[in-house]
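In case you want the letters, here they are:
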Amino acid sequence: MGNAALPKSWREGEYTVTRTTAWSAPGCHEGCGVLCYVKDGKLVKVEGDPEHPFNQGRLCPRCVALPDVVNHPDRLLYPMMRDPSQRGNPDAWERISWDEALDRVESKFKQITADYGAEAIQMFHGTGRDVLWEAQRLAYSMGTPHDVSYLSGLACWMPRLVAYIMTVGCYMMPDCSQRHERRYDDPAWRVPEVLVIWGNNCVQSNPDGFFGDWAVECMRRGSKLIVIDPRLTWLAARADIWLQPRPAVDSAIAIGMLKTIIDEGLYDHAFVDEWTSGFDELCSEISRYEVDSLASAAWVNPEKLKAAARMYAAGNNSAIQLGLAIDMQRHGNAAALAIIDMMAICNNIDRPGGQIFTPDPAGVNNFGWGWEELPQQQQEKLIGYNEYPMIRMGMRLDQPDLCIEQAISEQPYKFRVAFMIGTNPLTCMGTDHAKVKEAIAKLEFIAVADWHMTSTIQAYADLVLPVAMYVEKQGLRYMYTNLGVMDQIEGLEVRGECKGDEEISWLLGKRFNPSMYPWESVEDMITEMLTPAKLSYQDLRTIHWYYDPMEYGRFEKGTLRHDGKVGFSTPTGRIELYSYMAESIGCPPMPYYEEPYLSPVATPDIYQEYPVIVMTGTRNVQFFHSEHRQIPKLREIQPDPWVEINDEWAAEEGIRAGDWLWIENPKGRIRHRAKPTPTLRKGMANLNAGWWFPEMDPHEDPLYGCSGVNPNLLLENGHQGPTGFGADLKSVLCKIYKCKEGEF
Ligand SMILES: Nc1nc2c(c(=O)[nH]1)N[C@H]1C(S)=C(S)[C@@H](COP(=O)(O)OP(=O)(O)OC[C@H]3O[C@@H](n4cnc5c(=O)[nH]c(N)nc54)[C@H](O)[C@@H]3O)O[C@H]1N2
Ligand SMILES: Nc1nc2c(c(=O)[nH]1)N[C@H]1C(S)=C(S)[C@@H](COP(=O)(O)OP(=O)(O)OC[C@H]3O[C@@H](n4cnc5c(=O)[nH]c(N)nc54)[C@H](O)[C@@H]3O)O[C@H]1N2
Ligand code: SF4
Ligand SMILES: [Mo]
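Residues numbered from 1 in each chain as written. Chains lettered and ligands numbered in written order. Predicted model: local features only at pLDDT ≥ 70, side-chain atom pairs only at ≥ 80, totals over all residues. Heavy atoms only, no water.

## What to know about empty space enclosed by the protein
Turning to step 1, where the next piece is worked out: For the structure shown, the criterion picks out eight cavities of 30 Å³ or more.
Turning to step 2, where the next piece is worked out: Quantified by volume, the second largest cavity comes out at close to 160 Å³.
Turning to step 3, where the next piece is worked out: Considering the residues around the second largest cavity, the lining is formed by 17 residues, among which Ala22, Gly27, Cys28, Arg62 and Cys63 are closest to the centre. (1 Å grid on protein atoms, 1.4 Å probe; cavity = no way out; pocket = protein on both sides within 12 Å on 5 of 7 lines; lining within 4 Å. Points joined across faces, edges and corners; volume = space filled by probe spheres on them.)

Here's what the structure looks like:
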């Protein structure tokens, strides 16, 4: 495993080249192999590592632009402090030493713990960059269970994960050979006959362990493609079948497809008999739906929907890539259940080129690392612990909708201080901008670790810690496919006094709970995490990456379950088409179709006044959430936030490309530039999230203009799905009209 024969560093003309792993900072979900070129102590170029099995030399523009990030003139370089009375004042920051900064956090947080209990401390972190375990372990070392994001319904990844846990016991992905170190050449792998990309734009987003280029490679090798997306994406334009639904009714489509497969007998009867439970209940449950009515409800041609179902079922091995759009639905869990049922009854699970389990490589799993060290009574303070039992599983984050209500009402207790790692809640993560502002403003003291000034920091923080980039620190890349390390690359001079999140967590954690940070160095801490892999940090550094051997059909061999019995990791050992786990916690045990909170059907009156269904937040490859707006090369690709609208509708309304438009609903109003396009139907629009203007003078607005353009002004917390997961972020009803001259 790995390849120790490949050099770590070498000279190439005037450059020193080092092979390493990209993760963050700056942000990303993946962990691709990169070659970094250094000259005179500075990073000057990044290329994809053609040897790395994960990305095989491919790179996004964000990695190509890494030197502009690392060398950015406005990068945070030193710890800084500001008197809490001076929040919002850009001139009040004072440079301090690391010791002073850490002392300040330690004394303030310890004081709060002594006066009010450690549960008055909140830890915020952003999405799956290299910040998750650092934040969680640090929180637990402080004695608080509150790992917080204010994303309503934890509507990113968790709703999908929960559906997988309810039915098959663990997370799954399409098999694009990513778990084979030899990749497409591995003789055990088969190209998926049919690949379904569902609510996912993976060639732009490379999301959650799925590098979009793999889908393209499978298409090259013969996979038929089905895309389910309200927009004609690059992939949809190349699909054999493209279903164009209205947003947030994917459960109608999924049940329609599932029912077609069942009604037409296109499933694997023997597999269903032997390896699933609840099939009769499922059939009876969905018998109340008509496929044609479901298709019409989703604004999809019924014949096309049936053709997609037949194509999926006809593949000997078919695979489905689920995206964020499934999570960003209040009833996304129901959609995911129906989709998983389809995978199951067609016998596509744990098969080459089908749907594969993605266990942690070598069992290295950092989610909630240190949770067991929290006393039971603190664990039980996790918000949603009783209301939504699934919250205790998976990532152990507070249920955001309940958490924000508590933050505002201060009942049953007040949150007083916060530490934030890798998140900018006022610009991106926080669903309900007004409430997030109110909640954050109530905190007495906020410390943030980031690489650049942000709107949240400038408006509300009291202390800032400058973080090192992935080429400047020691870190671990884990999750989904392989392990690798980040390390300070050869010849590079770290700028200012930046430190990696790992080091920050280690330095600070030791002060709160030395027994949780017994290591002499960050390297030792990483070696400890690697214990299940029987590798040290240096071993992994030498072999560059580690892949587990890949085995299919594990449920038949008894190598999937912890108890060594054959079957799936569920209570019954079968795939639970009727989920006993869901039932036991009072959640719907089978798929169902219900309308989103706001829709032409659910709220016709509102729809009459606000007749555009707006998706918020679709990704573009040049930006990661609110990042990269300050990198000229990337900003040039998209200088302003834009709203995609149907081109014919734009012509009817006299709207031209680039016009500023108001997007308005009863919650608020924001403006984006018009981007008329034939890729969307009339009556739909698509916005970007994460916008702010780092070039703005913070004296004018410490939020750097994000309140004028952030779609989260249009969204509302508190409409999470019945499991506590999922919220309608991609189906907001709005009206859209031109801004008048001089209006802003
Ligand atoms: N470049 C870049 N990459 C990223 C990120 C980033 O900010 N920038 N963010 C990362 C994060 S945290 C995440 S969660 C992932 C998300 O990555 P993706 O899953 O790709 O998410 P999106 O791009 O938001 O949306 C995917 C597609 O869903 C479609 N869609 C919208 N509403 C619906 C619907 O109701 N039903 C269906 N079927 N489709 C719908 C949109 O048109 C879009 O094409 O990306 C990760 N990768
Ligand atoms: N309307 C709407 N809102 C959304 C979404 C949407 O689609 N629509 N998407 C939602 C989703 S899926 C997600 S996951 C969230 C994402 O929300 P967040 O993860 O909070 O993303 P950002 O706002 O970019 O904040 C990340 C901050 O971390 C910093 N950073 C980057 N790398 C590192 C690092 O290694 N260490 C440290 N300490 N800091 C780092 C960046 O500079 C940036 O300021 O947004 C959610 N918000
Ligand atoms: S997915 Fe893109 S930005 Fe992320 S590490 Fe890979 S190349 Fe870099
Ligand atoms: Mo996300």
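Moving on from the model shown.
## Some remarks on the layout of surface pockets
Turning to step 1, where the next piece is worked out: Roughly 1000 Å³ of internal volume is contained in the largest pocket.
Turning to step 2, where the next piece is worked out: Every residue lining the largest pocket is counted, 28 residues in all, and those nearest its centre are Cys170, Thr358, Pro359, Asp360 and Asn365.
Turning to step 3, where the next piece is worked out: By residue class, the composition of the lining of the largest pocket is 14 nonpolar, seven polar and seven charged.
Turning to step 4, where the next piece is worked out: If you list the elements that add at least two residues to the lining of the second largest pocket, you get α6 (202–205), α7 (213–220), β24 (642–646) and β26 (668–677). (Nonpolar A, V, L, I, M, F, W, Y, C, P; charged D, E, K, R; others polar. Helix = DSSP H or I, 4+ residues; strand = E, 2+ residues; numbered from the N terminus.)

## Focus: the site of ligand 3
Turning to step 1, where the next piece is worked out: Every residue near ligand 3 is listed here: Ala22, Cys28, Glu30, Cys32, Leu59, Cys60, Arg62, Cys63, Asn206 and Phe211.
Turning to step 2, where the next piece is worked out: More than half of the atoms of ligand 3 fall within 2 Å of the grid points belonging to the second largest cavity.
Turning to step 3, where the next piece is worked out: When grouped by side-chain class, the residues that make up the shell around ligand 3 number seven nonpolar, one polar and two charged. (Near = heavy atom within 4 Å. Sits in = over half its atoms within 2 Å of the grid points.)

## Let's talk about the domain arrangement of the chain
Turning to step 1, where the next piece is worked out: As assigned here, the chain comprises domain 1 (1–73 + 468–548), domain 2 (77–153 + 364–467), domain 3 (172–357 + 554–584) and domain 4 (604–738).
Turning to step 2, where the next piece is worked out: The tally of links between domain 1 and domain 4 comes to one salt bridge.
Turning to step 3, where the next piece is worked out: Taken together, the residues that form the side of domain 1 that touches domain 4 break down as six nonpolar, three polar and two charged. (Domains from an automatic or database assignment. Salt bridge = Lys/Arg side-chain N within 4 Å of Asp/Glu carboxyl O.)

## Observations concerning the state of the cysteines
Turning to step 1, where the next piece is worked out: What the rule picks out here adds up to zero disulfides.
Turning to step 2, where the next piece is worked out: No disulfide involves cysteine 403; its sulfur sits 17 Å from that of cysteine 156, the nearest cysteine.
Turning to step 3, where the next piece is worked out: Exposure remark for cysteine 403: the relative accessible area of 0% places this residue in the buried category.
Turning to step 4, where the next piece is worked out: Cysteine 734 supplies the cysteine sulfur nearest to cysteine 739, a cysteine that is in no disulfide, at a spacing of 14 Å.
Turning to step 5, where the next piece is worked out: Cysteine 739 gets classed as buried once you look at its relative accessible area, which sits at 14%. (Disulfide = S-S within 2.5 Å. Buried < 20%, exposed > 50% of the residue type's maximum accessible area, 1.4 Å probe, protein only.)

## A word on the packing of aromatic side chains
Turning to step 1, where the next piece is worked out: The tally for this structure, following the rule as stated, stands at 32 aromatic pairs.
Turning to step 2, where the next piece is worked out: Geometrically, the ring pair formed by phenylalanine 210 and tryptophan 214 is edge-to-face, given 5.5 Å between the ring centres and 70° between the ring planes. There is no split in this pair, since phenylalanine 210 and tryptophan 214 are both buried.
Turning to step 3, where the next piece is worked out: Taken together, the ring pairs in this structure connect Trp157, Tyr164, Tyr171, Phe367 and Tyr480 into an aromatic cluster.
Turning to step 4, where the next piece is worked out: Positioned above the aromatic ring of tryptophan 369, the side-chain terminus of arginine 137 is 4.0 Å from the ring centre. (Phe/Tyr/Trp six-rings, centres within 6.5 Å; stacked < 30°, edge-to-face > 60°. Lys NZ or Arg CZ within 6 Å of the ring centre and 35° of its normal.)

## Brief notes about the nonpolar core
Turning to step 1, where the next piece is worked out: If you look at the biggest cluster of nonpolar residues, it comprises 190 residues, and the most contacted ones within it are Leu43, Trp198, Ile345, Phe419 and Val471.
Turning to step 2, where the next piece is worked out: For this core, the leading source of residues is helix α14 (residues 332–345), giving 11 residues.
Turning to step 3, where the next piece is worked out: Judged by nonpolar contacts, the second largest core, of 31 residues, contains Ile383, Cys403, Ile446 and Tyr460. (Core = buried A, V, L, I, M, F, W, Y, C linked by side-chain atoms within 4.5 Å.)

## Description of the site of ligand 2
Turning to step 1, where the next piece is worked out: Of all residues adjacent to ligand 2, which total 35 residues, the nearest are Thr423, Cys428, Asp450, Asp501 and Asn712.
Turning to step 2, where the next piece is worked out: A distance of 3.1 Å is found between an oxygen atom of ligand 2 and a side-chain nitrogen or oxygen belonging to tryptophan 451.
Turning to step 3, where the next piece is worked out: Here ligand 2 has 920 Å² of accessible area as a free molecule, and 99% of this is covered by the chains.
Turning to step 4, where the next piece is worked out: Looking at the shell around ligand 2, the elements that each hand over two or more residues are α17 (425–429) and β17 (445–450). (Polar contact = N/O pair within 3.5 Å; in protein donor to acceptor, adjacent residues only side chain to side chain. Areas by Shrake-Rupley, 256 points an atom, 1.4 Å probe, with all protein chains shown as cover.)

## Points about α14
Turning to step 1, where the next piece is worked out: Here α14 contains 14 residues, and its C-alpha end-to-end distance of 20 Å stays within 8% of the 20 Å for a straight helix at 1.5 Å per residue.
Turning to step 2, where the next piece is worked out: Burial analysis of α14 places 14 of its 14 residues in the buried class, which makes it a mostly covered element.
Turning to step 3, where the next piece is worked out: Asparagine 347 lies just past α14 and shows a positive phi near 55°. (Expected span 1.5 Å × (residues − 1).)

## Topic: the pattern of salt bridges
Turning to step 1, where the next piece is worked out: Tallying each qualifying case throughout the model produces 45 salt bridges.
Turning to step 2, where the next piece is worked out: Its salt-bridge partner being arginine 87, residue aspartate 462 comes within 2.8 Å of it at the nearest N-O pair. On the criterion of sequence distance, the pair formed by aspartate 462 in the loop between α19 (455–460) and β18 (463–466) and arginine 87 in the loop between β5 (80–81) and β6 (94–95) is long-range, its members being 375 residues apart.
Turning to step 3, where the next piece is worked out: A salt bridge links glutamate 444 to arginine 416; the shortest N-O distance between them is 3.2 Å.

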